[in-house]
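Next come the chains, spelled out residue by residue.
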Amino acid sequence: MLTHDDVEEILRLLDATPVEEFELETEHFKLTLRRSAAGGGWTQERETHGAAPMLAPAAPAAAAVAAPATATTAHGDAIEIRAPLVGSFYRAPKPGAAPFVEIGSLVTADTVVAIIETMKLMNSVYAGADGQVVDICIDDGGFVEQHQVLMRIRPLES
Amino acid sequence: MIRRLFVANRGEIALRILAGAQRLGIETVLGVSDADLDSVPARLADRCVRIGPAPAAHSYLDIGAVVAAASGAAADALHPGYGFLSESAALARACEAAGLIFVGPTAATLAALGDKLMARQHAVAAGVPVVPGAAVASLAECEHLVRTLGWPILIKAVGGGGGRGLRRVEAPAQLAGQLELASSEANAAFGDPRVYVERYVADGRHIEVQLLGDETDVVHLGTRDCSVQRRYQKLVEEAPAPGLTAALERRITDAAVALGRRLRYRGAGTVEFLIDGRRDEFYFLEVNARIQVEHPVTEMISGCDLVAEQLAIAAGSALRITQQRLSMRGHAIECRINAEDVEHGLRPSPGRVSRAVFPAGEGIRVDTHIEAGSAVPPFYDSLLAKIIVRAADRAAAIERMAAALALCDITGVAVNTSLLARILADAQFRDGAVDTGYLERLLAADDRASARSAAG
């Protein structure tokens, strides 16, 4: 693997030449150095070849937690609460605590109904509308994609 | 002598350790979760072993899985990196039981420093100033203590650290509720309900000292300033800490060495301090008993390879550097490029990188595990790359960093480079010696400015 000292060394040599772009390729990697169009300095891009040299064959990756596909039609005019971002879905503020909401809970637009943990940060999920929770689509701790439906709420008759 | 090293980490630090070990002729084995099977570190390691599924609790935080993988690969040493299990006394003990060298302090040191009250007692015994405060077992004790401390106060978890488990309390009316919450949170997060209370030091600077020890002797490699932080997560770090008088710098490094000697410290470690610059006072915060994210700024100005020194000490070597022969040259700055969306309140942005162009050239170092095609899994932290520059002085280093950041071109996930550029261009940062509240104030001012322009 090249160190930053190695890259500096190469660039010292290149700086004295009219070379605009330089590629170094080995069995393991490719390094591309380019003179920046803006004038000052160089950029680097790396590409690492090959697959990870596994000591033992990797067990098949655990299947992603499949989101139960709840029929949307069953709920008529229900409003969907969707995941604001990808991550792990939690129904309670911490393990062992009571869930934020249950089926039947009444919520307002700014009620926190769940949290999604992404990159070690806890993100609150808000109901986004006034109504009653009629469906919770994901099991606690399940993995969700961005925009995946988490819950459904039915607006209250006004 | 270490012949085969198991790396129990991921991301840029895994790559840093792998590369450092390979340069020393040490064979490397990397433990990978299912989310990292195709990562750049996995491709560049000499061998990889799967340690578990993507969630860290079942892979990078699973002591049994990590030690079994290292033993199964016939490694003779294990490097824990930072974060994850790096400061786990239980991992150090499990390594010992499995006949593996743990690259880090002894299990006893880790246990003493992991308990923040015990760490505080060691600091006091070494003559290092601590923030006025004490352990409290009840509301009555706390109320009594606050009469001498004054408001506001900070409630801290004894088992906490790294900024987790902290609560600031402004007024007596909040005390009972906050104390109870802090204790139950501490119990949930660290399995230890004990808390202690300290005076809240406003406008402090976060300054730390890099140590290396071999259980007999301890040397320091100067100071770093990590005051540019948000929610206790550092964003820009530099070495040496700017704007310290020679006398204050000397007192801080002497204090760190005194604590290291008292602990008979082994390996690389960092003593963190809170500095009240206006009063020329400083207080012990905690010891990070591991390599740190920001270690490259120290490497850039000292010429010392901290990972190589860690490995030498772990293999039983005495310190190879003496305090007299260490000399620091120039000024170094590190910027952390995180997968965070500046447009949306810095929310995390996992996904797949489509382009990853970084700066290169004199005085520039880039530590990253990211290239075009790399996955940024949602399971781990958001650090993608560290840009580190060195120049003759601080002003030149800031210019070099600003130019280097302008050359970064990362697409596919949102990154925080515009915020980093904003900080480097800010007059207050350029003046030096900002405090730990600086970044939050900068972000709040930007929010107000954009609200005004939206309204107008």
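Residues numbered from 1 in each chain as written. Chains lettered and ligands numbered in written order. Predicted model: local features only at pLDDT ≥ 70, side-chain atom pairs only at ≥ 80, totals over all residues.

Draft legend 1. Spotlight on the overall build of chain B. When helices and strands are tallied, chain B shows 15 helices and 23 strands. Compactness check: chain B gives a C-alpha radius of gyration of 22 Å against a globular reference of 23 Å for 456 residues, within 12% of the reference. Viewed in the frame of its principal axes, chain B has a C-alpha envelope of about 60 × 60 × 45 Å. The buried share of chain B, taken over its 456 residues, is 53%. (Helix = DSSP H or I, 4+ residues; strand = E, 2+ residues; numbered from the N terminus. Rg over C-alpha atoms; globule rule 2.2 N^0.38 Å. Buried ≥ 20, exposed ≤ 12 C-beta atoms within 10 Å, placed from the backbone.)

Draft legend 2. Main features of the environment of Pro-99 of chain A. All names here are of chain A. Among the secondary structure elements, Pro-99 is positioned in the loop between strand E5 (87-90) and strand E6 (106-107). Along the sequence, Pro-99 and Val-113 sit 14 residues apart, while their C-alpha atoms lie 8.3 Å from each other. Dropping the residues within four chain positions of it, Pro-99 is found in contact with Arg-91 and Ala-92. (Contact = placed C-beta atoms within 7 Å.)

Draft legend 3. Broad picture of the pairing of strand E9 (residues 131-136) of chain A. Residues and elements named next belong to chain A. With two bridges joining them, E6 and E9 adopt antiparallel strand pairing. Within E9, the position partnered with Leu-106 by the bridge is Gln-132. Two strands pair when backbone bridges link them, and E9 and strand E11 (residues 149-154) are joined in this way by four bridges, in the antiparallel orientation. The residue of E11 that forms the bridge with Gln-132 is Arg-154. (Pairing = 2+ DSSP bridges.)

Draft legend 4. Expanded view of the interface of chain A and chain B. Each partner contributes to the interface: chain A provides 37 residues, whereas chain B provides 38 residues. Mapped onto the side of chain A that touches chain B, the elements with two or more residues apiece are helix H1 (4-15), strand E3 (42-48) and strand E8 (121-126) of chain A. Per element, the largest residue contribution to the side of chain A that touches chain B is seven residues, and it comes from E3 of chain A. Residue composition of the side of chain A that touches chain B, grouped by class: 19 nonpolar, twelve polar and six charged. Alignment of E3 of chain A against strand E19 (residues 355-360) of chain B, held across three bridges, turns out to be antiparallel. When the sheet's bridge partners are listed, Trp-42 of chain A is paired in E19 of chain B with Ala-360 of chain B. (Nonpolar A, V, L, I, M, F, W, Y, C, P; charged D, E, K, R; others polar.)

Draft legend 5. Quick peek at helix H13 (residues 417-425) of chain B. Residues and elements named next belong to chain B. For H13, the complete set of buried residues consists of Leu-419, Leu-420, Ile-423 and Leu-424. Buried positions in H13, seen along its axis, are confined to an arc of 140° and lie on one side of it. Those residues of H13 that are exposed and angled more than 90 degrees off the buried face are Ser-418 and Ala-425. Tucked inside the fold, the buried residues of H13 contact strand E11 (218-230), strand E12 (233-239), strand E15 (331-338), helix H12 (394-406) and helix H14 (427-431). (Arc of directions from axis to C-beta.)

Draft legend 6. Highlighting the packing of helix H4 (residues 89-97) of chain B against helix H5 (residues 107-114) of chain B. Residue and element names in this part refer to chain B. Their axes nearest at 8 Å, the elements H4 and H5 cross at an angle of 170°. The orientation of H4 relative to H5 falls into the category roughly antiparallel. Within the contact between the two elements, H4 uses Ala-89, Ala-92, Arg-93 and Glu-96 and H5 uses Ala-107, Leu-110, Ala-111 and Gly-114. Broken down by class, the residue content of the contact of H4 with H5 amounts to five nonpolar, one polar and two charged. (Axes fitted to C-alpha atoms, helices over the stretch in contact; angles between N-to-C directions. Parallel < 35°, antiparallel > 145°, perpendicular 65-115°, else oblique.)

Draft legend 7. Local environment of the sheet that holds E6 of chain A. Residues and elements named next belong to chain A. Strands sit in the order E4-E11-E9-E6 across an open sheet of four strands; the sheet is antiparallel. Pairing within the sheet leaves two strands with one partner each, and these edge strands are strand E4 (79-82) and E6. Bridge analysis of E4 against E11 gives four bridges, and the strand direction is antiparallel. Looking at the pairing, Arg-82 lines up with Val-149 of E11.

Draft legend 8. Just the packing of helix H7 (residues 139-149) of chain B against helix H8 (residues 172-190) of chain B, in detail. All names here are of chain B. Here H7 crosses H8 at 130°, and the two axes come no closer than 11 Å. As summarised for this structure, H7 and H8 are arranged oblique, according to the angle between their axes. The hand of the H7/H8 crossing is right-handed. Within the contact between the two elements, H7 uses Leu-139, Cys-142 and Glu-143 and H8 uses Leu-175, Ala-176 and Leu-179. (Left-handed = near helix turned anticlockwise from the far one by under 90°.)

Draft legend 9. Examining the nonpolar core more closely. All names here are of chain B. Phe-6, Leu-18, Leu-30, Leu-78 and Phe-273 are the most contacted members of the largest nonpolar core, which has 87 residues in total. The contacts of Phe-6, once residues within four sequence positions are left out, are Val-29, Gly-31, Ala-70, Ala-73, Ala-75, Ala-77 and Leu-78. With 46 residues, the next largest nonpolar core counts Val-236, Ala-360, Val-389 and Met-401 among its residues. (Core = buried A, V, L, I, M, F, W, Y, C linked by C-beta atoms within 7 Å.)

Draft legend 10. Structural view of the sheet that holds strand E2 (residues 27-33) of chain B. All names here are of chain B. Read from one edge to the other, the open sheet built from five strands follows the order E3-E2-E1-E4-E5, with strand pairing classed as parallel. Either end of the sheet is taken by a strand with one partner, and the two such strands are strand E3 (47-52) and strand E5 (101-102). One ladder, built from five bridges, connects E2 with E3; its direction is parallel. The partner of Ser-33 across the bridge, within E3, is Gly-52. Sitting on the sheet, helix H1 (residues 11-23) is in contact with strand E1 (4-7), E2 and strand E4 (77-79), with an inclination near 165° to E2.

Draft legend 11. Broad picture of the confidence of the model for chain B. Averaged over every residue, the pLDDT of chain B is 94; the share at 70 or more is 98%. Across the assembled chains, the prediction reports ipTM 0.87 with pTM 0.88. (pLDDT = per-residue confidence, 0-100.)

Draft legend 12. Spatial organisation of unusual backbone geometry. Residues and elements named next belong to chain B. Here Trp-151 and Pro-152 are connected by a cis peptide whose omega angle stands at -10°. When you line up the elements, Pro-152 lands in the loop between H7 and strand E7 (153-161). A cis geometry characterises the amide bond from Ala-239 onward to Pro-240, with omega recorded as -5°. With respect to the helices, strands and loops of the structure, Pro-240 is situated in the loop between E12 and helix H9 (246-262). With phi around 40°, Phe-84 is a residue other than glycine that occupies positive phi space. Its place among the elements puts Phe-84 in the loop between E4 and H4. Judged by local crowding, Phe-84 falls into the buried class, with 22 C-beta atoms found within 10 Å.

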